[in-house]
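# Structure at a glance
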Amino acid sequence: MNGPQEDVTSQLNKMAAYEWTPRRRDYEMERKKYGLSLQQCTSHPLAPGKQMAADEKKATPAKAASKSISAASDPLASFDPLSGGVDPLGSVLDPLSLAAASSNDLDKDLEVSRNDGMDDSFEPWSAKKANILSKYTTSEKLSITTSFLSAEDKEKVIVRSQTTTTVSDKVKNRLEQLDDFEEGSVKEMLDLSQQEYVRRIDELNQALETAWENDQRVKSLKIAIQCAKVLADVSVIQFYPSKFVLITDILDTFGRLVYQRIRQKATYHPPGALKPVTLPVTFTPDMVPDTAKETCRNWFFKIASIRELIPRFYVEAAIMKCYNYLTQGEYQAALSRLALMTRGMGNPLVATYARCYLCRVGVLVAPEVKNHLDYCFTDFGTTYKQFDEESVQNTLALQHVETVKYLNLYGPALDWILQCMAHRTTERVLDGVLDRCELNCKSGLVLNAVMSSFRPEFVSARAVQFCELIKECEEAGFPKFELYKTLGMNVVLSDPPMDCRLALLNDVWKIVMKLKNPAEYILCAEVWVEFPVKHFGKREVNAMLGDIIKHMTPDRAFEVHYPQLQSIIVKVLSHMHDFSIVFAMDKFLPFIDMFQKESVRVEVCRSIVEAFVKLVAVLCMDLPLWSCTRCLCHAFQESAGTNQQSCCDQFHLIYLQGHA
């Protein structure tokens, strides 16, 4: 057993005793023997469009196959975009250099692909942005941390030379360069007004596009990373929704530029074609050439190397559509993975808006995928419990923000998440959402978003259940009159079950009639008055009109709410076609008397006369009815003057015809 071991040991001892001498080398001779011939070059050999052509000419089929295998096994090793070699993110077939020929068609194709799977019932994000920017403003001073706004930073980015050649060294060098801005020229601009802050954000957007146009892909990526890092800052919390809109616009621009560039590179030869053509709007990954796939993988690998969670999440979500070039069916796994990543974000407001952005991206790239939406809403319900924790309350106290205003900051993000969940879904999804609301967050904010997002027929069928949830929801954070208003809009648009209509009206109106604030009261009454007008008779409508008069008369509150009172009149006349019943209500004419402003009174009288003229063919010749309407007509005529008598002339003509 010891024989072989003793032989190895003796051989090692002999080798150790041997005197080793280095081989002499003639470096000058080797340089002449193995050196390549030089020739003068008038242009840079690594300029865009030249290196690939040279490689294609020199490569043999065997070498090309070997290169393809190497790229598939290690796409980061085949090209190092941060070294002195060819940058696959900035070289061949730059779309901005070819934009003059095909940018219009490409933008049109992308717009078509974005709208796949959506319809007019889905309100796009672009329709919400203006309202968010106008609603969530601040007078506080803001700050922004960046390194791309000063004049010095607008110069060309200097990339450090890479002296090492191993894969690990290349990856290390890439990480260091991506994070250079964290350690070097970062500047924090303090005491910015809201207008100045918006201007700085616009400068960042312009810097991103300028860097991209100048083939500085890494700089563009750094700008996107810095913008994403801004979304981790909640120092001025009431401005956060607007900041989210501004920053995500830049991220959307970055994602669009990356997608367009790869699509321009992804030319292919269709069957029978002699020249390569750009990919069609609908394409499959097998149509994408290897060079375009390689570039796409490099983008995802670069983003995966970002060390901080929030910028890594946002930048990957921004280029999510690029998965089209790699594989089919990847969106569900990618969106679910990013949804789970948001659980690592400690601030609940930051995490909620991150989920909102993920849902925005998901709707554009894969509207049929829903798994991540369930994660996003469930995780919001879990983080809702954090609102009462010490860290959140300390932030609110430090910034002097009330709980009601803080909860309203979640509105745009939560509305979008639930709108994505509710679009083209079933009633079972709504039942699941309500179960989670009862379990995790009995919040008026969430309940209002649910009623606003799901189809009215779904909500109306559960009107009694929603009414009970409104009674049980937390008093603080969201006013209940808004909840009853939203519920009323649903039951007016879609009829609730017949056997629960009277109970529903009684339950709601008992709460509404107790509202002391005239503004809150009239907002609910304006919506709910249409419910008894459609489903009940004169007694219920007359009682509601009387209650409105009771609430609007003190302190002449009706003078402030003429638009709502006019809307009530229009709704009554739209559904009650028998004018003998309308004028038989003892509260109708006193309701008209509240319109004491001359111009408003004219409009109200005009609307009544026009409704009477349209429906007179089906009315009986009731002389008291004609008399009341004629009085209104004369009042309108006296106020409107001689130039606006068309309705009055029609009334007299109809009156004479009826008594002929």
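Report follows, based on the coordinates. (Residues numbered from 1 in each chain as written. Predicted model: local features only at pLDDT ≥ 70, side-chain atom pairs only at ≥ 80, totals over all residues. Heavy atoms only, no water.)

## What to know about the overall build of the protein
Across its full length, the protein carries 35 helices and four strands. Split into buried and exposed, the 660 residues of the protein put 47% on the buried side. For the protein, the accessible area works out to roughly 33,900 Å², and carbon and sulfur atoms hold 53% of it. (Helix = DSSP H or I, 4+ residues; strand = E, 2+ residues; numbered from the N terminus. Buried < 20%, exposed > 50% of the residue type's maximum accessible area, 1.4 Å probe, protein only. Areas by Shrake-Rupley, 256 points an atom, 1.4 Å probe, with all protein chains shown as cover.)

## Comments concerning the side chain of R436
Mapped onto the fold, R436 is located in helix α21 (residues 427-440). We classify R436 as buried; its relative accessible area is 19%. Only 2.7 Å separates the side chain of R436 from the side chain of T378, close enough to count as a polar contact. Apart from residues lying up to four places away in sequence, R436 is in contact with D374, F377, T378, M421 and C441. (Polar contact = N/O pair within 3.5 Å; in protein donor to acceptor, adjacent residues only side chain to side chain. Contact = heavy atoms within 4.5 Å.)

## Observations concerning the pattern of salt bridges
Taken as a whole and judged by the stated rule, the model has 21 salt bridges. For R199, the salt bridge goes to E203, with nearest N and O atoms at 3.1 Å. With R199 and E203 both in helix α10 (residues 194-213) and four residues apart, this pair spans about one turn of that helix. The salt bridge partner of R601 is D593, with a shortest N-O separation of 3.9 Å. Classification of D593 as partly exposed rests on a relative accessible area of 44%. (Salt bridge = Lys/Arg side-chain N within 4 Å of Asp/Glu carboxyl O.)

## Overview of the packing of helix α7 (residues 125-135) against helix α12 (residues 240-265)
How two helices sit against one another is set out by the angle between their axes and by the gap between those axes. Packing of α7 against α12 leaves a shortest axis separation of 9 Å and a crossing angle of 135 degrees. Taken together, α7 and α12 sit at an angle that is classed as oblique. As α7 packs across α12, the resulting crossing turns out to be left-handed. Facing α7, whose interface residues are W125, K129, I132 and L133, α12 presents P241, S242, F244, V245, L246 and D249. Looking at the contact of α7 with α12, its residues break down into seven nonpolar, one polar and two charged. (Axes fitted to C-alpha atoms, helices over the stretch in contact; angles between N-to-C directions. Parallel < 35°, antiparallel > 145°, perpendicular 65-115°, else oblique. Left-handed = near helix turned anticlockwise from the far one by under 90°. Nonpolar A, V, L, I, M, F, W, Y, C, P; charged D, E, K, R; others polar.)

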